[in-house]
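# Summary of the model geometry
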Amino acid sequence: MMTDIIADSLTRIRNAAQRRLDVTTLLHSKTIEATVAIFVDKGYLESFKVKEDGNKKTIKVVLKYDDNEKSVINEIKKISKPGRRVHQGKDEIRTFKNGYGTLVVSTSQGVLANDEAYKRGIGGEVICSIW
């Protein structure tokens, strides 16, 4: 049994980008689907699609590369872990990497990017960072 499905999904994306694969498959959860939607919205991934096979769901993710066949993702990292939860208030999540990176924050209003959470004036648990 897997204890941290989010860390597994981030590792699958990281490994697929290092191997220069076009597509990778992730296990489905609402949090992962919202996180991948943020990655697509911010331009780190090309697209994603939820596949249903009976009662089992997976997420098919299409990775994005630049003109030199280099991955758009420089670093993808899990921040809040099962043994150490990291929470930040609305003032602490304003920017990440001087605006070049994105934090994914689990808030009371759903999973949001750090800039959106700052606009709404809410903080929460920092799930991961990407730049």
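Each chain carries its own residue numbering, running from 1 in the direction its sequence is written. Selection of residues for local features in this predicted model requires a pLDDT of at least 70, selection of side-chain atom pairs for listing and counting requires 80 or more, and totals for whole chains, interfaces and linings are taken over all residues. Note: side-chain values were computed over all heavy atoms of the structure, leaving out hydrogens and water.

### Quick word on the sheet that holds strand β1 (residues 23–27)
We call two strands paired when DSSP finds no fewer than two bridges between them. Only DSSP runs of H or I reaching four residues or more are called helices, and only runs of E reaching two or more are called strands; each is numbered from the N terminus. An order of β1-β3-β2 is seen for the three strands of this open sheet, with the pairing classed as antiparallel. Of all the strands in the sheet, just β1 and β2 (45–53) have a single pairing partner and so form its edges. Mean inter-strand twist for the sheet, computed between neighbouring axes without regard to direction, equals 25°. Two strands pair when backbone bridges link them, and β2 and strand β3 (residues 56–63) are joined in this way by eight bridges, in the antiparallel orientation. Bridge pairing in β3 links Glu52 to Lys57. The contact criterion used is simple: two residues touch if any of their non-hydrogen atoms lie within 4.5 Å. Interaxial angle, 0 to 180 degrees, is taken between N-to-C directions of lines fitted to C-alpha atoms, where a helix line uses only the stretch in contact. Contacts from helix α2 (residues 30–42) reach β1, β2 and β3, with the element oriented near 155° to β2.

### As for the packing of helix α1 (residues 5–18) against α2
Look at α1 against α2: their axes get within 10 Å of each other, and the N-to-C directions meet at 35°. Remark: the crossing between α1 and α2 carries right-handed chirality. Two secondary-structure elements touch here, α1 through Ile5, Ile6, Ser9, Leu10 and Ile13 and α2 through Thr31, Ile32 and Phe39. In this scheme the handedness of a crossing depends on how the near helix is turned from the far one: anticlockwise by less than a right angle means left-handed, clockwise means right-handed.

### Brief notes about the nonpolar core
Ile13, Phe39 and Leu45 are the most contacted members of the largest nonpolar core, which totals 24 residues. Taken together, the elements giving at least two residues each to this core come down to α1, α2, β3, β7 (110–113) and β8 (124–130). At five residues, α1 tops the list of elements feeding residues into this core. The residues contacting Phe39, other than those within four sequence positions of it, are Leu10, Ile13, Tyr44, Leu45, Ile76, Val104, Cys128 and Ile130. To define a nonpolar core, start from buried Ala, Val, Leu, Ile, Met, Phe, Trp, Tyr and Cys residues and group those joined through side-chain atoms within 4.5 Å. Residue burial is assigned from relative accessible area. The probe radius is 1.4 Å, only protein chains are included, and a residue is buried under 20% of its type maximum, exposed over 50%, and partly exposed in between. By size, the runner-up hydrophobic cluster in this structure holds eight residues, among which are Leu103, Ala117, Ile122 and Val126.

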